[in-house]
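Chain by chain, the residues:
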Amino acid sequence: QVQLVESGGGLVQAGGSLRLSCAASGIIFSINTMAWYRQAPGKQREMVATSAKSGSTYYVNSVKDRFTITRDNTKNTMTLQMNSLKPEDTAVYYCNTWPELNGYWGQGTQVTVSS
């Protein structure tokens, strides 16, 4: 089955940390670049970090130096380590390829950061 399953979200105080996990099917993970996305209420979904098979990574400025994306190509899994969380990080977080495959969005995992 082709699937993307996110987990690890929760409620955390500002300044705290969370680690999100993504389990993907092999056919999805075989795509060169994977990414984490997030969508806050009333806002469009945005990409926050990408990871290519080569090891190259990219972060948007709002999360750079606070978030770290990693992937395990042998297990078809990916993580997003989030440190120094801010209330503006509150959103539903999703994993997918970059560019995204629109037919394969999972349920996402909710991250709520209290002030």
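An account of the accompanying structure is given in this report. (Residues numbered from 1 in each chain as written. Predicted model: local features only at pLDDT ≥ 70, side-chain atom pairs only at ≥ 80, totals over all residues. Heavy atoms only, no water.)

Some details on the overall build of the protein
Secondary structure assignment for the protein yields one helix and ten strands. Shown N-terminal to C-terminal, the secondary structure of the protein runs as helices and strands in the order β-β-β-α-β-β-β-β-β-β-β. Seen through its C-alpha atoms, the protein measures out along the principal axes to roughly 40 × 25 × 20 Å. Across the protein, contacts joining residues at least 24 apart in sequence account for 54% of those joining residues at least 6 apart. Within the structure as shown, the protein displays about 6100 Å² of accessible surface, and the carbon and sulfur contribution to it stands at 47%. In the protein, 10 side chains carry a positive charge and 7 a negative one; their mean positions are 3 Å apart. (Helix = DSSP H or I, 4+ residues; strand = E, 2+ residues; numbered from the N terminus. Contact = heavy atoms within 4.5 Å. Areas by Shrake-Rupley, 256 points an atom, 1.4 Å probe, with all protein chains shown as cover. Lys, Arg positive; Asp, Glu negative; His and termini not counted. Charge placed at Lys NZ, Arg CZ, Asp CG, Glu CD.)

Structural notes on the nonpolar core
With 26 residues, the main nonpolar core has W36, M78, L80, M82 and Y93 as its most contacted residues. Elements represented by at least two residues in this core include exactly β3 (18-24), α1 (26-29), β4 (33-39), β5 (46-52), β7 (67-72), β8 (77-82), β9 (91-97) and β10 (109-114). Per-element tally for this core: the top contributor is β3, with four residues. Counting five residues, the second-largest nonpolar core is a separate cluster that includes A35, M47, V92 and Y94. (Core = buried A, V, L, I, M, F, W, Y, C linked by side-chain atoms within 4.5 Å. Buried < 20%, exposed > 50% of the residue type's maximum accessible area, 1.4 Å probe, protein only.)

Considering the packing of aromatic side chains
For the coordinates displayed, the defined rule picks out three aromatic pairs. Pairing Y37 with W98 gives two aromatic rings, centres 6.4 Å apart and planes at 35 degrees, and the pair type is tilted. Highlighted residues: Y37 in strand β4 and W98 in the loop between β9 and β10, separated in sequence by 61 residues. Considering the side-chain rings of Y37 and W105, the 5.1 Å spacing of their centres and the 80 degrees angle between planes classify their relative orientation as edge-to-face. One end of the pair, Y37, is in strand β4; the other, W105, is in the loop between β9 and β10, and 68 residues separate them in sequence. Y37 sits in the buried class, given a relative accessible area of 3%. Within the aromatic cluster, the residues linked to one another by ring pairs are Y37, Y94, W98 and W105. Stacked on the ring of W105, the Lys or Arg R45 has its end atom at 3.8 Å from the ring centre. (Phe/Tyr/Trp six-rings, centres within 6.5 Å; stacked < 30°, edge-to-face > 60°. Lys NZ or Arg CZ within 6 Å of the ring centre and 35° of its normal.)

A look at the pattern of salt bridges
In this structure the tally under the stated criterion is three salt bridges. Across the pair R38 and E46 runs a salt bridge whose closest N-O atoms are separated by 2.8 Å. Of the charged contacts, one joins D89 and R38 as a salt bridge, the two residues approaching to 3.0 Å between their closest N and O atoms. Of this pair, D89 sits in the loop between β8 and β9 while R38 is found in strand β4, placing the two residues 51 residues apart along the sequence. Note on D89: relative accessible area 0%, which makes it buried. Connected through shared salt-bridge partners, R38, E46, R66 and D89 make up one network. (Salt bridge = Lys/Arg side-chain N within 4 Å of Asp/Glu carboxyl O.)

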